[in-house]
Amino acid sequence: MRRAVLNSGDVVQLGYLKGGIRRDAVMVTTTYRPGVDWSPRHISQMLLRCRQWAARRGVDMAYVWTAELQARGAVHYHVVFWLPRGFTLPKPDKQGWWPHGMTKIE
């Protein structure tokens, strides 16, 4: 799965470069706090909210994501977003888009 995510990211990046569009890649890591059960809808809901945020600003945004298991056995997600230069994605946990734990943006 990791290889598929990396390949997908390469395709997105190359598509932007060929079109002469400069984008910044932003990685968001989501984690669950202890005691919160995983649901496949959690990541879908967060991504929907991110897409809605971008659409309200007229921003074209691409992304790829993958799920991993932490050492403690909990799921966490890594999402790479490509945003136009000058746009900063707000922290999903601070916006209420990821109420299941915390997020980190790099």
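For every chain, the first residue of its written sequence is number 1, and the numbers climb from 1 along that sequence. Whole-chain, interface and lining totals are the exception, using all residues; otherwise, since this is a predicted model, local features are given only for residues with pLDDT of at least 70 and side-chain atom pairs are given and counted only at 80 or more. Processing note: side-chain calculations cover all non-hydrogen atoms of the structure and skip hydrogens and water entirely.

Asker: Where do I start with the sheet that holds strand β1 (residues 23-32) in this structure?
Answerer: Within a sheet, neighbouring strands are paired by backbone hydrogen bonds and run either parallel or antiparallel to one another. Spatially, the four strands line up as an open sheet ordered β2-β3-β1-β4, and their pairing is antiparallel. The sheet is open, and its two borders are formed by β2 (62-69) and β4 (101-105), each paired with just one other strand. The mean inter-strand angle of the sheet, taken between neighbouring strand axes irrespective of direction, is 20 degrees. By definition, two strands form a pair when at least two bridges between them are found by DSSP. To qualify as a helix, a DSSP run of H or I must reach at least 4 residues; to qualify as a strand, a run of E must reach at least 2; elements of each kind are numbered from the N terminus. Summarising the sheet, β1 and β4 pair through five bridges and their orientation is antiparallel. Following the sheet pairing, Tyr 32 is matched in β4 by Gly 101. Relative to the sheet, helix α2 (residues 40-56) contacts β1, β2 and β3 (75-84), its axis offset from that of β3 by approximately 15 degrees. Orientation is described by axes fitted as lines to C-alpha atoms, over the contacting stretch for helices, and by angles from 0 to 180 degrees between their N-to-C directions. The criterion used for residue contact is that any of the two residues' heavy atoms lie within 4.5 Å.

Asker: Sorry, what's going on with the pairing of β3 here?
Answerer: Consecutive side chains along a regular strand alternate between the two faces of the sheet. Only protein chains enter the area calculation, which uses a 1.4 Å probe; residues under 20% of their type maximum are buried, those over 50% are exposed, and those in between are partly exposed. Of all ten residues in β3, nine are buried, a share of seventy percent or more. In the sheet, β1 pairs with β3 via nine bridges, with the strands oriented antiparallel. What sits directly across from Thr 31, in β3, is His 76. Sheet topology places β2 next to β3; eight bridges connect them, and they run antiparallel. What sits directly across from Ala 62, in β3, is Trp 82. Counting the residues in the hairpin turn of β2 and β3 gives five residues, including Gly 73, whose phi is positive at 95 degrees.

Asker: Help me out: how do you make sense of the environment of Cys 50 in this one?
Answerer: If you trace the backbone, Cys 50 turns up in helix α2. Cys 50 has contacts with Met 61, Phe 81, Leu 89 and Trp 97, leaving out every residue within four places of it along the chain.

Asker: Sorry if this is basic, but what is going on with the nonpolar core here?
Answerer: The tendency in soluble globular proteins is for nonpolar side chains to be buried side by side. Nonpolar core, defined: a set of buried Ala, Val, Leu, Ile, Met, Phe, Trp, Tyr and Cys residues in which side-chain atoms within 4.5 Å join the residues together. Counting residues in hydrophobic clusters, the biggest one holds 19 residues, and the most contacted among them are Met 46, Cys 50, Phe 81, Leu 83 and Leu 89. Within the residue set of this core, elements represented by two or more residues are β1, α2 and β3. The element contributing the most residues to this core is α2, with six residues. Apart from the residues lying within four places of it in its own chain, the contact partners of Leu 89 are Val 28, Cys 50, Trp 53, Phe 81, Leu 83, Trp 97 and Ile 105.

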